[in-house]
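# Survey of secondary and tertiary structure
Now for the letters of each chain:
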Amino acid sequence: MRKIMIAIDGYSSCGKSTLANALAKKLDYLYVDTGAMYRAVTLYCLQNNLIKEGKLQIRLLKESMDNIKIEFRNISGKERSATFLNKQNVENEIRKMEVSNEVSKISVIKFVREKMVRLQQQMGSQKGVVMEGRDIGTIVFPDAELKLFMTANIKTRVKRRYREMVANGIGVTLEEVKKNVISRDYKDTHRKESPLIQAKDAIVINNTLLSQDEQLDIAVKLAKERMAIT
Ligand code: DC
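Residues numbered from 1 in each chain as written. Predicted model: local features only at pLDDT ≥ 70, side-chain atom pairs only at ≥ 80, totals over all residues. Heavy atoms only, no water.

## What about empty space enclosed by the protein?
A full pass over the atoms with the stated rule returns two cavities of 30 Å³ or more. Estimated volume of the largest cavity: approximately 50 Å³. Looking at the largest cavity, the residues that line it are Arg39, Arg95, Ser100, Arg161, Glu164, Met165 and Asn168. Among the elements that take part in the lining of the largest cavity, helix H7 (residues 154-167) stands out by supplying three residues, more than any other. The residue inventory of the lining of the largest cavity, partitioned by class, reads one nonpolar, two polar and four charged. The calculated volume of the second largest cavity comes to roughly 30 Å³. Around the second largest cavity sit Asp9, Gly137, Thr138, Lys147, Leu148, Phe149, Ile197, Gln198, Ala199 and Ala202, which together line it. Looking at the lining of the second largest cavity element by element, the count peaks at three residues for strand E9 (residues 146-151). Counted by class, the lining of the second largest cavity contains five nonpolar, three polar and two charged residues. (1 Å grid on protein atoms, 1.4 Å probe; cavity = no way out; pocket = protein on both sides within 12 Å on 5 of 7 lines; lining within 4 Å. Points joined across faces, edges and corners; volume = space filled by probe spheres on them. Helix = DSSP H or I, 4+ residues; strand = E, 2+ residues; numbered from the N terminus. Nonpolar A, V, L, I, M, F, W, Y, C, P; charged D, E, K, R; others polar.)

## Here we look at the side chain of lysine 16
Mapped onto the elements of the fold, lysine 16 is located in helix H1 (residues 16-27). One buried charged side chain, lysine 16, makes no salt bridge at all; its nearest oppositely charged neighbour is glutamate 132, positioned 4.4 Å away. (Buried < 20%, exposed > 50% of the residue type's maximum accessible area, 1.4 Å probe, protein only. Lys, Arg positive; Asp, Glu negative; His and termini not counted. Salt bridge = Lys/Arg side-chain N within 4 Å of Asp/Glu carboxyl O.)

## As for the site of the ligand
Residues in close proximity to the ligand total 15 residues, the closest being Arg39, Arg113, Asp135, Arg184 and Arg191. In the environment of the ligand, a nitrogen atom lies 3.0 Å from a nitrogen or oxygen atom belonging to the side chain of threonine 34. The contact in question runs from an oxygen atom of the ligand to an N or O atom on the side chain of arginine 191, over 2.8 Å. Calculation on the ligand without its partners gives an accessible area of 450 Å², and the protein chains cover 97% of this total. Counting residues per element, the ones that place at least two in the shell around the ligand are helix H2 (34-47), helix H4 (97-107) and helix H8 (174-190). It is H2 that contributes the most residues to the shell around the ligand, four residues altogether. Partitioned by chemical class, the residues of the shell around the ligand number two nonpolar, five polar and eight charged. (Near = heavy atom within 4 Å. Polar contact = N/O pair within 3.5 Å; in protein donor to acceptor, adjacent residues only side chain to side chain. Areas by Shrake-Rupley, 256 points an atom, 1.4 Å probe, with all protein chains shown as cover.)

So this is what it looks like as structure tokens:
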């Protein structure tokens, strides 16, 4: 069977990462979480005082772009690969509220997106990749053989994100998570640079009422169909 590119886009906390990771494992494909890349750039800004009193120093960030090296590495005993920023494992830090609250400031910037998209295209150049984000099926890999667009109702999404954060030891309230999810939805869909939109040829998976296994079954079936086409 041929190797294909699988693009998974959708709103935050829709279960994209869970499905993308499980699908990649099942197919023995590489999994790429592009949201983690925007989060890592945000963490760099916070660590290097490029965000002061909530204001981003765009010129300084532009000058620093060559100093930001992002990679994914497999960690033994871990289900998912971890995000590394300049050789430091930042997987836990990039999931914190401080980063979630600032990431939309970074993901709207054209020069940041251009660099991330270039990296993502390199990672996917050999196919055999499941890549998830907001613009994968529209901008990064518009020719992806399979495009999925995930949705779920807001209540379910907030609950899932809250549980995930608490399970990772992150102190947060349900209300804070809700505010952040709603605000990022708005920013993701209204920004000028690569807003979140459903690709015309994407297949929608609304997983409000689906279990993880049910979603995976749907995605594997679709992937195998596309892999069989020569
Ligand atoms: O998937 P996530 O919630 O970890 O993504 C973090 C932020 O990065 C999110 O608010 C939107 C942005 N993002 C983006 O603009 N483009 C992508 N391909 C992936 C994420």
